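Descriptive structure summary
Residues per chain are reported as follows:
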Number of protein chains: 2
Amino acid sequence: MERQFVVVGGDAAGMSAASKAKRDDPETDVVVFERGEWVSYAACGMPYYVAGVVDDLDDLVTITPEEFRSERGIDVRTGREVTEIDPERNRVTVSDGDETDEQSYDDLLLATGAHAVRPPIDGLDRDGVYVIHDMADARAIREAIDGDGEPPRSAGILGGGYVGVEMAEAFAERGLDVHLFEMLEHVLDPFGAETASVVEDHLREQGVDLRLGTAITGFGGDDRVERVETETDSVPVDVVVVGAGVAPNADLAAEAGIEVGPIGAVATDEYGRTSEANVYAAGDCAEARHVVTGEPTHVPLALTANRAGRAIGATVAGTPTPVGDVAGTAIVKAFDLEVARTGVLDHETAREAGFDPVTATITDRSRAHYYPGGAEITVTLTADRESERVLGASVVGADRAGKRIDAVAAALHAGATVTELERFDLAYAPPFSPVWDPVLTAARVLDGRLDDE
Amino acid sequence: MERQFVVVGGDAAGMSAASKAKRDDPETDVVVFERGEWVSYAACGMPYYVAGVVDDLDDLVTITPEEFRSERGIDVRTGREVTEIDPERNRVTVSDGDETDEQSYDDLLLATGAHAVRPPIDGLDRDGVYVIHDMADARAIREAIDGDGEPPRSAGILGGGYVGVEMAEAFAERGLDVHLFEMLEHVLDPFGAETASVVEDHLREQGVDLRLGTAITGFGGDDRVERVETETDSVPVDVVVVGAGVAPNADLAAEAGIEVGPIGAVATDEYGRTSEANVYAAGDCAEARHVVTGEPTHVPLALTANRAGRAIGATVAGTPTPVGDVAGTAIVKAFDLEVARTGVLDHETAREAGFDPVTATITDRSRAHYYPGGAEITVTLTADRESERVLGASVVGADRAGKRIDAVAAALHAGATVTELERFDLAYAPPFSPVWDPVLTAARVLDGRLDDE
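The notes below deal with the structure included here.

With that out of the way, let us pick up the overall build of chain A. Check the secondary structure of chain A and you find 12 helices and 25 strands. The C-alpha atoms of chain A give a radius of gyration of 23 Å, which matches the 22 Å a tight globule of 453 residues would have. In terms of its C-alpha atoms, chain A occupies a principal-axis envelope of roughly 70 × 55 × 40 Å. Going through the 453 residues of chain A one by one, you find that 58% of them count as buried. Within chain A, residue pairs in contact and separated by at least 24 positions form 62% of the contacts whose partners lie at least 6 positions apart. Split by element, the accessible area of chain A, about 17600 Å² in all, is 42% carbon and sulfur. Distance from the positive charge centre (38 side chains) to the negative charge centre (86 side chains) of chain A: 4 Å.

With that settled, consider the relation of the copies chain A and chain B. Superposition of chain A onto chain B requires a rotation of 180 degrees combined with a translation of 0.0 Å along the rotation axis, giving an RMSD of 0.0 Å. This pairing of chains is accounted for by a two-fold axis. Closest to the rotation axis within chain A is the C-alpha of A:A407, separated from it by 2.2 Å. Comparing interface residues between copies, 100% of those in chain A also sit at the interface in chain B, which points to an isologous, same-surface contact.

On to the pattern of salt bridges. Pairs can form between side chains of opposite charge whenever their charged atoms are close. Overall, the coordinates contain 50 salt bridges over all chains when judged by the stated rule. Ionic pairing is found between B:E338 and A:R400, a salt bridge with its closest N-O pair at 2.9 Å. Taken together, the residues B:E338 in strand 22 (residues 337-343) and A:R400 in the loop between strand 25 (390-397) and helix 10 (405-414) connect one chain to another. B:D125 is paired through a salt bridge with B:R118; the nearest N and O atoms lie 2.7 Å apart. Because the salt bridges share partners, they merge into one network encompassing A:D86, A:R89, A:R91 and A:E102.

A few words on the sheet that holds strand 23 (residues 357-365) of chain A. All names here are of chain A. Pairing in this open sheet of five strands is antiparallel, and the strands run 21-22-25-24-23 from one edge to the other. Both edges of this open sheet fall to strand 21 (330-334) and strand 23, since each of them pairs with a single strand only. For this sheet, the mean inter-axis angle between neighbouring strands, taken without regard to orientation, is 10 degrees. Bridging between strand 22 (residues 337-343) and strand 25 involves six bridges; their strand directions are antiparallel. Within the sheet, the bridge partner assigned to A340 lies in strand 25 and is V395. The strands touched by helix 10 are strand 22, strand 24 (376-384) and strand 25; relative to strand 25, the strand with the most contacts, the crossing angle is about 175 degrees.

As a further point, take the sheet that holds strand 13 (residues 216-221) of chain B. Residue and element names in this part refer to chain B. Taken together, three strands build an open sheet; the order of strands is 13-14-15 and the sheet is antiparallel. Of all strands in the sheet, those with a lone pairing partner are strand 13 and strand 15 (234-236), marking the two edges. The sheet shows a mean angle of 25 degrees between the axes of neighbouring strands, direction not considered. Relative to strand 14 (residues 225-230), strand 13 runs antiparallel, the two being bridged by five bridges.

Our next topic: the packing of helix 1 (residues 12-24) of chain B against helix 8 (residues 302-316) of chain B. All names here are of chain B. Following both chains from N to C, one finds helix 1 and helix 8 inclined at 30 degrees, their axes separated by 7 Å at the closest point. Relative to helix 8, the element helix 1 lies roughly parallel. For the pair helix 1 and helix 8, the sense of crossing is right-handed. In contact with A12, A13, S16, A17, K20, A21, R23 and D24 of helix 1, helix 8 contributes A305, N306, G309, R310, G313 and A314. Looking at the contact of helix 1 with helix 8 residue by residue, the class counts come to six nonpolar, four polar and four charged.

This brings us to the state of the cysteines. The tally for this structure, following the rule as stated, stands at zero disulfides over all chains. Cysteine A:C285 shares no disulfide, and the gap to the nearest cysteine sulfur, in A:C44, comes to 16 Å.

Contacts between the two partners involve 58 residues from chain A and, on the opposite side, 58 residues from chain B. Interface of chain A and chain B: buried area, both sides summed, is about 5100 Å²; carbon and sulfur atoms make up 68% of it. Among the residues of chain A in contact with chain B, A:K403, A:R423 and A:D425 are the three that bury the most area, contributing 15% of the side total. The tally of links from chain A across to chain B stands at four salt bridges. Ionic pairing is found between A:D437 and B:K403, a salt bridge with its closest N-O pair at 2.6 Å. Secondary-structure elements contributing two or more residues to the side of chain A that touches chain B are helix 8 (302-316), strand 21, helix 10 and helix 12 (438-452) of chain A. The greatest single-element share of the side of chain A that touches chain B, amounting to seven residues, is contributed by helix 10 of chain A.

The final tally for this structure, using the stated rule, is four aromatic pairs over all chains. Residues A:Y371 and B:Y48 carry aromatic rings whose centres are separated by 4.9 Å and whose planes lie at 85 degrees to one another, so their mutual orientation is edge-to-face. Here A:Y371, found in the loop between strand 23 and strand 24, pairs with B:Y48, found in helix 2 (residues 46-51), and the two come from separate chains. Of the two residues, A:Y371 and B:Y48, neither departs from the other in class, the shared state being buried. With a centroid separation of 6.1 Å and an interplanar angle of 80 degrees, the aromatic rings of B:Y162 and B:F191 are classed as edge-to-face. Residue B:Y162 is located in helix 5 (residues 162-173), and its partner B:F191 is located in the loop between strand 11 (177-182) and helix 6 (193-205); the two are separated by 29 residues in the primary sequence. Note that A:R142 overlies the ring of A:Y49, its terminal NZ or CZ placed 4.4 Å from the centroid. Between the NZ or CZ atom of B:R444 and the centre of the ring of B:W436, over which it lies, the distance is 4.6 Å.

All right, on to the side chain of A:T359 then. Residue and element names in this part refer to chain A. Within the secondary structure, T359 sits in strand 23. For T359, the side chain forms a polar contact with the side chain of H347, separated by 2.7 Å. Among the polar contacts listed, one links the side chain of T359 to the side chain of T382, at a separation of 2.6 Å. Sequence-distant contacts of T359, defined by excluding residues within four places in its chain, comprise E194, H347, T380, L381, T382, L446 and R449.

The terminal C-alpha atoms of helix 4 (residues 135-146) of chain A lie 16 Å apart, and with 12 residues this matches the ideal 16 Å at 1.5 Å per residue to within 8%. Buried residues in helix 4 of chain A make contact with helix 2 (46-51), strand 9 (129-130), helix 5 (162-173) and strand 16 (239-242) of chain A.

The rules behind each value
- Residues numbered from 1 in each chain as written.
- Chains lettered and ligands numbered in written order.
- Predicted model: local features only at pLDDT ≥ 70, side-chain atom pairs only at ≥ 80, totals over all residues.
- Heavy atoms only, no water.
- Helix = DSSP H or I, 4+ residues; strand = E, 2+ residues; numbered from the N terminus.
- Rg over C-alpha atoms; globule rule 2.2 N^0.38 Å.
- Buried < 20%, exposed > 50% of the residue type's maximum accessible area, 1.4 Å probe, protein only.
- Contact = heavy atoms within 4.5 Å.
- Areas by Shrake-Rupley, 256 points an atom, 1.4 Å probe, with all protein chains shown as cover.
- Lys, Arg positive; Asp, Glu negative; His and termini not counted.
- Charge placed at Lys NZ, Arg CZ, Asp CG, Glu CD.
- Least-squares fit on C-alpha atoms with pLDDT ≥ 70 in both.
- Salt bridge = Lys/Arg side-chain N within 4 Å of Asp/Glu carboxyl O.
- Pairing = 2+ DSSP bridges.
- Axes fitted to C-alpha atoms, helices over the stretch in contact; angles between N-to-C directions.
- Parallel < 35°, antiparallel > 145°, perpendicular 65-115°, else oblique.
- Left-handed = near helix turned anticlockwise from the far one by under 90°.
- Nonpolar A, V, L, I, M, F, W, Y, C, P; charged D, E, K, R; others polar.
- Disulfide = S-S within 2.5 Å.
- Buried area = accessible area lost by both parts, 1.4 Å probe.
- Phe/Tyr/Trp six-rings, centres within 6.5 Å; stacked < 30°, edge-to-face > 60°.
- Lys NZ or Arg CZ within 6 Å of the ring centre and 35° of its normal.
- Polar contact = N/O pair within 3.5 Å; in protein donor to acceptor, adjacent residues only side chain to side chain.
- Expected span 1.5 Å × (residues − 1).

Right, dumping it as structure tokens:
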């Protein structure tokens, strides 16, 4: 009898694993249960669909369930929710909403994803308040803008993370007044204060009403939301997006006695294996190991999910393959700015991991000083004082700034010191960089600081 | 008495060393002899001055001799050529064209640069033929275009290297017909055939008359050049630029008995020291160690020169500092394309260094498939079959393609394998990259090839 590889969840991690396992070992019987309607869709593209930059919601779907079936031989079953795992008997219980069924497995992958956090705020359930997470949310928001009704003129956004910043741009693109509320003192907290400040200035220049250090106390109105309430103010809005972060869907695993780590994600080893034999976890529901701290972390991003899924697919098909460490590398577009980060920037996190962090921030040009079209780039670099190892970085700027983070991400994977990074032979020509790329200049300045102190 | 640090040559390497030595040890007496008129100028900017993208030749000068003197306390003497070194007596002979003088040193840096190769072609001395290398050449070409005379309508270019490709764009920008002649089968030879082919298609689309595998046999005309002659053709031109590469200025060192390596550049160790005590060499006249082969190489590029100069300045001032290895990383703009390379791509060079090279080339999008404004990116990656170590890469594309090479350059410095590169956590968001950056996809495909064969 063929081996059964059962996958719970049909998005990035799940479909990557299913595809890789089937390709590497076509004899394997691969079954994917997806409780929703879509598989393999690009959640990261939703703000651009709302913005109208992407025309059609279907454009965000990489491959349809039908294509997975006919072209890749994968048994994709949408509208099917796995409600229980029995690791003793190697079986899962599956519900279609009405009836339940059982499915046995030889290998099982939990790729159950994450859910948007619903903050306990009065009025969260009013019409027009969207806790954006899946395709249906994106469709609803776009319909609110493009539909037959009175189009919204003013948008409130809770949270200045990726989703908040991207949605601010999306709404502005559609001509709405945008009010962005962030409880912390800065937007994009994981990018550090130096980078966040540059983004904040830019958001304000673009007309965003940015309210930092401001908690939302309620969403006022009747059936529909009409106001965002804070302790001191009441701001009229027609639509609200809540971007308060995501949390791993780990209940299914926990109920089956599978270990869940302190962050709330399914605990995994370097091959994505859980505490149960032949049960793997990957993507937004699972832990990943951080390349800088060596500790488990939770990075609910697309590459982490795709990479781990693919590795687990290879492992299941017979070639044990590590899922790879994560650096927490991320990039986000904020109107004209490219904003990126990698590694550990936050000093408290660094100290908890046993480092003594030192940070330098520099601002330089993106091109040779005489070459037109350049813009400022600000690079923040953090290293450990004793070992001089690079711990993390962030970059912000308008002209090819963002992907410069990749050189630092590579340095993190290599465990490079600041001096080593400073001597990387990075590309220079007048249209693309000063002779010393801003990343190198940041390393040089940080190196000087490490020597001085 | 103060220590004397004497620098021969006032461009990137020389002025970086002078500035760093003086800053780190203000007691040092720093004297720079520059035989020309300019110091610290951006030779890389000359094509953009010809193109008119840069208005003024002075814009290419980072710091003037006067500023070096008054602001940095460096005794810069232009129009002074060092004609002889006496390492026994620690003295150099200096000529101002009329008289000679002697100058003693405690430490000496040779930063004599390189000269443009003058190929033995009939008619090379005709008016209108420019063997472009220094600021005077750039000025002459621009004056030919903007001056009072009949403006040139047709330009011939010898050589499809950086200078040739950049000058093709510059002339096209000024409305000239451009004929580019390259003896080899491809332009941009160090970037590999796969990348070169993409560039060639683009040059032709931009209207460049590209003649590959074609040697120029003569520059015809009377006083002024009127024709480029090949074995089979005669092409009418009004101006010609010769970009046949550069060769190190190592004669001064050789005549003093200082070791010159097989490539013709001054031999140096990891601190930039030559075979003579207290004599250093850096920049276009000197060897650098290649990070992949560990062997001496000659990389006449700006970052190599700046970095080595700065390191030698620090060493001379009392802190021994390695000059750093080079990866041969380079980037060039070719009209709308960004073209970059790093490391060892050429299979013959790789085999000479003891590797068994395997190459993969992939073409992918620069952005998520649904996000507008993306373009194709082609990545070529070479690795050693046995160790699976990454040896080199090239990248070409229109949309933020070029600086992607930096992640691979970092991988080379780290000695990473293809599998390690494949697991680098590089930045993804729809406006900037597919989930798997094209560099990662190239690593994945190459990894598969290494496993298969």
